[in-house]
Amino acid sequence: MKVLVAGGAGYIGSHVVLELSRRGWEPVIIDDLSKGHRQAVRAGKLIVGNMGDARLVEELLTRERIEVVVHLSAYSLVGESVRDPGKYFRNNITNSLSLLDAMVACGVKKIVFSSTAAVYGEPETIPLTEEHPCRPLNPYGFSKLTYEGILEAYARAYGLKYISLRYFNAAGADLEAAIGEDHRPESHLIPIILQVALGLRPFLQLFGTDYPTEDGTCIRDYIHVTDLARAHLLAIEALGRGCAATVYNLGNGQGYSNRQVIEVARRITGQEIPVEAGPRRPGDPAVLVASSAKIQQELGWRPQYPHLETIIASAWRWHKSHPYGYESSVRE
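Residues numbered from 1 in each chain as written. Predicted model: local features only at pLDDT ≥ 70, side-chain atom pairs only at ≥ 80, totals over all residues. Heavy atoms only, no water.

J.: Tell me about the nonpolar core, and name the residues and values.
T.: Side chains of nonpolar character tend, in soluble globular proteins, to be buried together. Ile12, Leu20, Ile163, Leu165, Ile236, Leu250 and Ile295 are the most contacted members of the largest nonpolar core, which has 37 residues in total. Take this core: its biggest share by element is 10 residues, from helix α7 (residues 225-240). In this view, Ile295 contacts Leu165, Ala231, Tyr248, Asn249, Leu250, Gly300 and Trp301; residues no more than four positions away in its chain are not counted. Val108, Phe113, Tyr147 and Leu160 belong to the second largest nonpolar core, which has 26 residues in total. (Core = buried A, V, L, I, M, F, W, Y, C linked by side-chain atoms within 4.5 Å. Buried < 20%, exposed > 50% of the residue type's maximum accessible area, 1.4 Å probe, protein only. Helix = DSSP H or I, 4+ residues; strand = E, 2+ residues; numbered from the N terminus. Contact = heavy atoms within 4.5 Å.)

J.: I'd like a description of the packing of aromatic side chains, backed by residues and values.
T.: Inspection of the entire model under this criterion finds 5 aromatic pairs. Directly above the ring of Tyr75 sits Lys87, whose terminal nitrogen or CZ lies 4.9 Å from the centroid. Geometry around Tyr248 places Lys294 over its ring, the cationic atom sitting 5.2 Å from the centre. (Phe/Tyr/Trp six-rings, centres within 6.5 Å; stacked < 30°, edge-to-face > 60°. Lys NZ or Arg CZ within 6 Å of the ring centre and 35° of its normal.)

J.: Outline the pairing of strand β5 (residues 110-116), listing residues and values.
T.: Along β5, 6 of the 7 residues are buried, which leaves the element largely enclosed by surrounding structure. Across 7 bridges, the pairing between β5 and strand β6 (residues 161-167) is parallel. Along β6, the bridge assignment pairs Phe113 with Ser164. Traced from β5 through helix α5 (residues 139-158) to β6, the parallel crossover comes out right-handed. (Pairing = 2+ DSSP bridges. Right-handed = clockwise from strand over helix to strand, strands pointing away.)

J.: Could you give an account of the pattern of salt bridges, naming the residues involved and the relevant values?
T.: One side chain can pair with another of opposite charge once the charged atoms of both are near each other. Counted by the stated rule, this structure contains 18 salt bridges. The residue Arg230 makes a salt bridge to Glu19 at a minimum N-O spacing of 3.2 Å. Of this pair, Arg230 sits in helix α7 while Glu19 sits in helix α1 (residues 11-23), placing them 211 residues apart in sequence. For Arg230, a relative accessible area of 25% puts it in the partly exposed group. Assessed through its relative accessible area of 7%, Glu19 is described here as buried. One salt-bridge network, in which partners are shared between bridges, spans Lys2, Lys45, Glu59, Arg63 and Glu64. (Salt bridge = Lys/Arg side-chain N within 4 Å of Asp/Glu carboxyl O.)

Scope: geometric values only; no functional claims are made or implied.
Okay, structure coming up:
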């Protein structure tokens with residue numbers, strides 16, 4: 001089976017590509033490399049381009065005989081989306097809409113969409129189920145929720161089959177340390193902590209210490225990126241069986257505060273990891289923890305690496321061998 005992976009050179013996308021290849025499927029990657037890395041693509045065929053380029057996408061869908069699309073090509077920085085919402089709407093909605101139109105034009109009817117827990121906003125109940133009201137607090141979450149609505153409309157109008165996967169906090173790295181997390185700039189907690197442990201940053205700035213949680217810091221549900229990637233394969237298989245359009249949460253169902261993550265990282269790295277308190281980031285809810293019961297019951301998904309220690313240890317292995325991310329090979 002040939003799968004077009006939009007954003008397949010990014011952090012999660014590259015892990016999805018690797019798992020597709022390990023399954024024996026053929027990934028074709030389209031990525032403009034504005035956020036992704038050419039070195040992260042360890043399988044398949046990489047085409048450098050933007051998913052908003054309808055002519056290019058139609059050519060790929062036809063020439064490569066694509067059967068299903070996995071869409072991971074979104075901007076995803078909450079704070080940046082608050083400062084520059086237009087950037088997020090143009091890419092996450094407008095360019096993504098162009099991708100759908102190309103699919104419709106070429107008769108490709110199956111898509112797996114990377115959505116986000118940010119669609120929910122401030123939780124009313126924990127853990128969050130898919131039935132929880134969606135009231136996003138920031139333009140990033142709004143853009144993802146809007147696209148979910150577009151998918152639903154295209155399903156009714158054009159017979160599109162889709163599954164939206166609402167990610168909680170992806171973390172960790174491939175267990176063979178082939179690929180890992182390298183954002184520019186880095187905004188995710190675990191890689192920043194590990195950069196401090198490596199001496200690449202003087203300290204960790206802790207955004208918000210006055211949340212209504214036990215230790216005053218945000219609580220998040222961390223899911224190993226390989227577990228996340230494998231859920232995409234289950235979603236593709238479900239679409240092939242004629243699964244009805246739906247959404248699934250993807251998380252471990254276990255929340256850890258920022259301070260807890262720091263303590264686990266200190267134990268694994270053996271480093272002090274200095275911390276300085278900073279203000280809250282705009283648009284950040286206090287607690288986000290998933291119920292993944294629906295995807296477990298319907299698709300049989302189970303996280304193989306649910307423990308925070310395993311997640312951080314896998315990330316530490318990759319960061320130690322790639323201290324400057326994918327630029328390491330250039331600097332060595």
